[in-house]
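Structure at a glance
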Number of protein chains: 2
Amino acid sequence: MSARETLTATLPSHGRAQEVVEAGLDEGLLVTVFGRCRVEYEGRASSTLEAGDRLVVLKPDGTVLVHTEEGQQPVNWQPPGCTQDAVVDDGLVIHSHRESPDEELTVEFDSVRHVVAYNVTDEQDLSLQGTESDMRERILSDPSLVEDGFEPRATERETSAGAVDIYGVDDTGDAVVVELKRRRVGPDAVSQLNRYVDALKRDLHAEMHVRGILVAPSLTDSAHHLLDRHGLDFVSLSPAPQ
Amino acid sequence: MSARETLTATLPSHGRAQEVVEAGLDEGLLVTVFGRCRVEYEGRASSTLEAGDRLVVLKPDGTVLVHTEEGQQPVNWQPPGCTQDAVVDDGLVIHSHRESPDEELTVEFDSVRHVVAYNVTDEQDLSLQGTESDMRERILSDPSLVEDGFEPRATERETSAGAVDIYGVDDTGDAVVVELKRRRVGPDAVSQLNRYVDALKRDLHAEMHVRGILVAPSLTDSAHHLLDRHGLDFVSLSPAPQ
DNA sequence: AAATCCATTTCGTGC
DNA sequence: GCACGAAGTGGATTT
């Protein structure tokens, strides 16, 4: 079987399906199996899924995905790094095993309607814009987006509660902790910023005043209340320059 | 074309590929397209992915997934509810559009190596054990798992900071807020519990003492420090009965 | 539609 | 390996 080719089998016997899957796994191909199957998972949690038609994707990096006809997320899965094998019992059975944590996924096919093994080459990386990291770059190149007189001094500055997105000083010389979020935020982001401000106050253990500024497109009501209660500030900024 | 059948085409012309995809979309089939493609996304963020071999999955609920040979997550996607269409320009082009937020995904194929449309029926629901909800049931049926004398009074009790997992009283009559986590927790879960405790103190605005207990398999060091600082308690409990 | 929070979150980064 | 936090997080539930 040439690795250049795409191996396919329509309505294969379980033995033939097993051959294609095994060949695909051996040769580092991307394998898809479509058919009626039961799925069992045991690991961090455990689950059972009775027989139905599903698409199973096996990737050469050890990923397994079981997709139904709806939903963006697979109904069952196994992460990269797992070991896969395919055997024939009553029907085609695909096992995936992971150590640390110990997890096992078993897909038992009643009937395989289609199996394909694709030879994949993909060197490209995704270029993504509009991330939190892009917001940081925007602010570093124009600190007045936070407030007039703001001077960034460090990014990812370490505190005893973790790394602060942007650390700097305001026009009065007070220390400023900036927490960035690329989307509308709730109370969790406020608590996060408050932890950093508290930690920095303790770390500096001086009389130094420490302000906290949450920079995000918008705030929920309860986040706003919590922000006020903690004496923190908010600046509205979107990830894209618009 | 019978909906009972699985439509497949190997190394199809762009026109033939478009026919299969369009027929699949029209008839509510699960469609997979494998080939060399470029991908563009514009919406909450924006991204570009240069030409490479990928597996594209189109679901009848409007989901689009673009998978490379590695990673559990699709490199690009569109959630359920999007509208899909397939046209031929230089090659097969698949568009997916979403309103609110306005988002568009475009997949342009240089060459299609394989296209399949599957008729899917799947009535089954996943049965999952070992969730946070299972922890709650365990505690309600044996409250001493939290501590001797603990008496649950309500689940999902509302406070001004959100709903508390389990609300109850301890053997001295003090109010108790229990926050459950199915896995090892960090500082975020401690802050969450602290918000609930603070909110309940304000809500009750009495002299009533309010305790907070974090129930999880384990704690990180910084979570432990933060827990101590806030005067909260920890109880070790796993989601599964072991 | 908005808000909140869980998730077998996954993924990347740094230690 | 663990810890921490971002993500175009997704998904469920409730208002």
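Residues numbered from 1 in each chain as written. Chains lettered and ligands numbered in written order. Predicted model: local features only at pLDDT ≥ 70, side-chain atom pairs only at ≥ 80, totals over all residues. Heavy atoms only, no water.

Topic: the overall build of chain A
Each helix and strand in chain A was counted, giving four helices and 14 strands. The C-alpha atoms of chain A give 26 Å as radius of gyration, which overshoots the globular expectation for 242 residues (18 Å, by more than 25%). In terms of overall dimensions, chain A has a C-alpha envelope of 75 × 35 × 30 Å along the principal axes. Residues classed as buried in chain A amount to 50% of the 242 residues present. The contacts of chain A with a sequence gap of at least 6 include a subset with a gap of at least 24, amounting to 54%. Of note, chain A has its 22 positive side-chain charges centred 4 Å away from the centre of its 45 negative side-chain charges. (Helix = DSSP H or I, 4+ residues; strand = E, 2+ residues; numbered from the N terminus. Rg over C-alpha atoms; globule rule 2.2 N^0.38 Å. Buried < 20%, exposed > 50% of the residue type's maximum accessible area, 1.4 Å probe, protein only. Contact = heavy atoms within 4.5 Å. Lys, Arg positive; Asp, Glu negative; His and termini not counted. Charge placed at Lys NZ, Arg CZ, Asp CG, Glu CD.)

Examining the nonpolar core
Residues and elements named next belong to chain A. In this structure, Val21, Val33, Leu92, Val107, Phe109 and Val115 are the most contacted members of the largest nonpolar core, which totals 29 residues. Secondary structure elements with two or more residues in this core: β1 (7-10), α1 (14-26), β2 (30-42), β3 (46-58), β4 (64-67), β7 (92-98) and β8 (103-118). Considering each element in turn, this core owes the most residues, six residues, to β8. With residues near it in sequence (within four places) discarded, Phe109 still touches His14, Val33, Phe34, Gly35, Arg36, Cys37, Val56, Gly91, Leu92 and Ile94. (Core = buried A, V, L, I, M, F, W, Y, C linked by side-chain atoms within 4.5 Å.)

Regarding the domain arrangement of chain A
Taken domain by domain, chain A consists of domain 1 (7-118) and domain 2 (132-236). Of note, the centres of domain 1 of chain A and domain 2 of chain A, computed from C-alpha atoms alone, are 46 Å apart. (Domains from an automatic or database assignment.)

Some details on unusual backbone geometry
For the bond from Ser100(A) to Pro101(A), the omega torsion is -5°, close enough to zero to count as cis. Along the chain, Pro101(A) falls in the loop between β7 and β8. A positive phi angle, near 55°, is found at Glu156(A), a position not held by glycine. According to the relative accessible area criterion, Glu156(A) is partly exposed, its value standing at 38%. Even without a glycine there, the phi angle at Leu11(B) is positive, about 45°. For Leu11(B), the position within the fold is in the loop between β1 (7-10) and α1 (14-27).

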